[in-house]
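# Tertiary structure, described
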Amino acid sequence: MKTISINKLHPFKDHPYKVLDNDEMNSMIGSVQEHGILSPLIVRPLEGTTDQYEIISGHRRFRAAQKAGLSEVPASIHPVSRDEAAIMLVDSNLHREHILPSEKAYAYKMKMEALSHQGKTCGQVGHKSREDVSDTDSGRQVQRYIRLTYLIPELLEMMDENKIAFSVGVELSYLPPEIQQELYEIIDREDCTPSYSQAFRLHRTFNNCALTREGLAAVMSEEKPNQRDRIVLPRKAFDDVLPKGYSKEDAEAFIIDAIKHYNEYRHRKRDRGMSR
């Protein structure tokens, strides 16, 4: 282990894990200011340089050290190839308590590519199996996570925010970017998200070369069972506010009619937006 100037350290290119300036980072900055870096960073010599290093593990500690005003940090130097470093980077973060779907997707993709390169370098036939990528997820699940890297950034961010289910994201990843973009615009405009059934049908319809703009809008305009309007009003609510002679059935009919007119208004608004 040695102490290295912060100016000589560089983040691992295209590493999949996000370094966010959030409350957790603020807490880490406070800890670094009080105690310093307790766990050394893991780095490797950067090719084509004599004293520059690429970070393998410790990107958040590096960011905290920068913000805390440190000029140097402790680091353990490993003279490994980029592919070896990529595998080390992915494995050192996969077991974190909180990991976003996008992080796991790009981490698995990075490790898969690194294993594939190693297989070719060693003269092996083909490349390493998806089973080698994770010791917790099956090869099939690894493949499904890697599919998420084909989502446009807006839809992938919705997955990270738990607005789209994992299985839905996998199905949508098979749609080309331009259709995904149009789908996102519908989601944003109508404040709705596709169910698995809808995503599955969009995927299959596209495979059959039958998915049109109108078909996409039609599928997304369907009423899902969990989105149907339900009215649950206790008898006492009516007794307290209804005028004399105005029945509960009259009130329910009025509310249902109001909801119907509101939905018709939303559909007209959607149609106007599509016709632009």
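First things first, this report covers the structure right here in the doc. Just so you know, these numbers come straight off a predicted model, no measurement behind them.

### Looking at the overall build of the protein chain
Along the protein chain, the regular secondary structure elements total twelve helices and five strands. Scored against the burial criterion, the 276 residues of the protein chain give a buried share of 37%. A separation threshold of at least 6 residues defines the contact pool for the protein chain, and within that pool the share at least 24 residues apart is 71%. Carbon and sulfur atoms make up 49% of the accessible area of the protein chain, which totals about 16,500 Å².

### Here's the deal with the packing of helix 8 (residues 177–190) against helix 10 (residues 213–220)
Viewed as axis vectors pointing N to C, helix 8 and helix 10 meet at an angle of 40 degrees, and their least axial separation amounts to 11 Å. Between helix 8 and helix 10, the crossing angle belongs to the class labelled oblique. The interaxial crossing formed by helix 8 with helix 10 has right-handed handedness. Residue-level inspection shows Ile-179, Glu-182, Leu-183, Ile-186 and Ile-187 of helix 8 in contact with helix 10, the latter providing Arg-213, Leu-216, Ala-217 and Met-220. Classifying every residue of the contact of helix 8 with helix 10 gives seven nonpolar, no polar and two charged.

### A look at the packing of helix 1 (residues 23–35) against helix 2 (residues 59–68)
Their axes nearest at 9 Å, the elements helix 1 and helix 2 cross at an angle of 65 degrees. Accordingly, the angle class assigned to the pair helix 1 and helix 2 is roughly perpendicular. By crossing handedness, the relation of helix 1 to helix 2 is classed as right-handed. Residues Glu-24, Met-25, Met-28, Ile-29, Val-32 and Gln-33 of helix 1 pack against Arg-60, Arg-61, Arg-63, Ala-64, Ala-65, Lys-67 and Ala-68 of helix 2. A class-by-class count of the residues in the contact of helix 1 with helix 2 yields seven nonpolar, one polar and five charged.

The rules behind each value
- Residues numbered from 1 in each chain as written.
- Predicted model: local features only at pLDDT ≥ 70, side-chain atom pairs only at ≥ 80, totals over all residues.
- Heavy atoms only, no water.
- Helix = DSSP H or I, 4+ residues; strand = E, 2+ residues; numbered from the N terminus.
- Buried < 20%, exposed > 50% of the residue type's maximum accessible area, 1.4 Å probe, protein only.
- Contact = heavy atoms within 4.5 Å.
- Areas by Shrake-Rupley, 256 points an atom, 1.4 Å probe, with all protein chains shown as cover.
- Axes fitted to C-alpha atoms, helices over the stretch in contact; angles between N-to-C directions.
- Parallel < 35°, antiparallel > 145°, perpendicular 65-115°, else oblique.
- Left-handed = near helix turned anticlockwise from the far one by under 90°.
- Nonpolar A, V, L, I, M, F, W, Y, C, P; charged D, E, K, R; others polar.

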